[in-house]
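# Coordinates in review
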Amino acid sequence: MDRIARRSPRLRPFVVRVSEQIKGPSDEWPLTLPKRTTHVYTHRGVAHRSTFEALHMVKYKLDLQPDPEVVVVGISSHVKDHRLCWSINRSLGLALTRRRVPLSEDQGGRTLTYMAYDHVDQDGAARYTLVNNHGADGCLLKEQRQTDYFLVVDRELAQQHPDLLDRLRATDHILTAFLLPYEGLKEGYKLLL
């Protein structure tokens, strides 16, 4: 506006800016109402007034949940899931039982299901979960097609049993067992459902 006033001495702008701001639920995220800018100026003896409203976008920060405290073990086996559960139960002293509702995923208008088995402690928390990676029409985690099953174990429990991987490898019907970093799995959240 100063450039306009310098170019034309008759044009004398007066700028009044009014902006209102309210605070949101926390002091970190202020919500901004529309800014209203009013320009008052005279041109050839006539007063002119123009008002502009500009909406300012409110920016929200996406707060991601930290990675869950789990250890994921990939298992290769050539037997059916119920037979593998029986073998793991016998070897590790667990009581893996089939979920009433299997894991399901909607893909291309079809619902794909994958069997899951849980071992529940006395506290009522599932500490071990065995998930079948292969359903009738595809894989649950496509980046791990070579893995037949996933055993998801609480990190605290895995630290209490450092020989867990060796005991799994020694179990009947397990060809190999290997650790998978949860952070490296693109769709690892599917194992936690």
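Our subject is the structure that appears above.
Anyway, here's the lowdown on the structure attached to this text. Please read all numbers here as calculations on a predicted model, not as lab measurements.

Rules behind the numbers
- Residues numbered from 1 in each chain as written.
- Predicted model: local features only at pLDDT ≥ 70, side-chain atom pairs only at ≥ 80, totals over all residues.
- Heavy atoms only, no water.
- Helix = DSSP H or I, 4+ residues; strand = E, 2+ residues; numbered from the N terminus.
- Buried < 20%, exposed > 50% of the residue type's maximum accessible area, 1.4 Å probe, protein only.
- Areas by Shrake-Rupley, 256 points an atom, 1.4 Å probe, with all protein chains shown as cover.
- Core = buried A, V, L, I, M, F, W, Y, C linked by side-chain atoms within 4.5 Å.
- Contact = heavy atoms within 4.5 Å.

Tallying secondary structure elements over the chain gives four helices and 13 strands in all. Evaluated residue by residue, the chain yields a buried proportion of 34% over its 193 residues. By element, 51% of the accessible surface of the chain is carried by carbon and sulfur atoms, the whole surface being about 13400 Å².

Across soluble globular proteins, nonpolar side chains have a tendency to be buried as a group. With 24 residues, the main nonpolar core has V73, I75, L84, I88, L96, L130 and L168 as its most contacted residues. When residues of this core are traced back to their parent elements, those giving at least two are β6 (70–76), α2 (81–92), β11 (126–132), β12 (149–154), α3 (155–160) and α4 (164–169). Ranked by the residues each element gives to this core, the list is headed by α2, at four residues. In this structure, L84 is in contact with I75, S77, V79, L130, Y149, H173 and I174, ignoring residues within four places of it in sequence. In terms of nonpolar packing, the next biggest core, distinct from the first, is built from 15 residues, V70, L103, L180 and L185 among them.

Moving on, we come to the environment of P68. Relative to the elements of secondary structure, P68 occurs in the loop between β5 (46–54) and β6. For P68, a relative accessible area of 26% puts it in the partly exposed group. Linking P68 and E183, residues 115 residues apart in sequence, is a C-alpha distance of 9.5 Å. Those residues in contact with P68 that lie beyond four places of it in its chain are R155, Y182 and L192.

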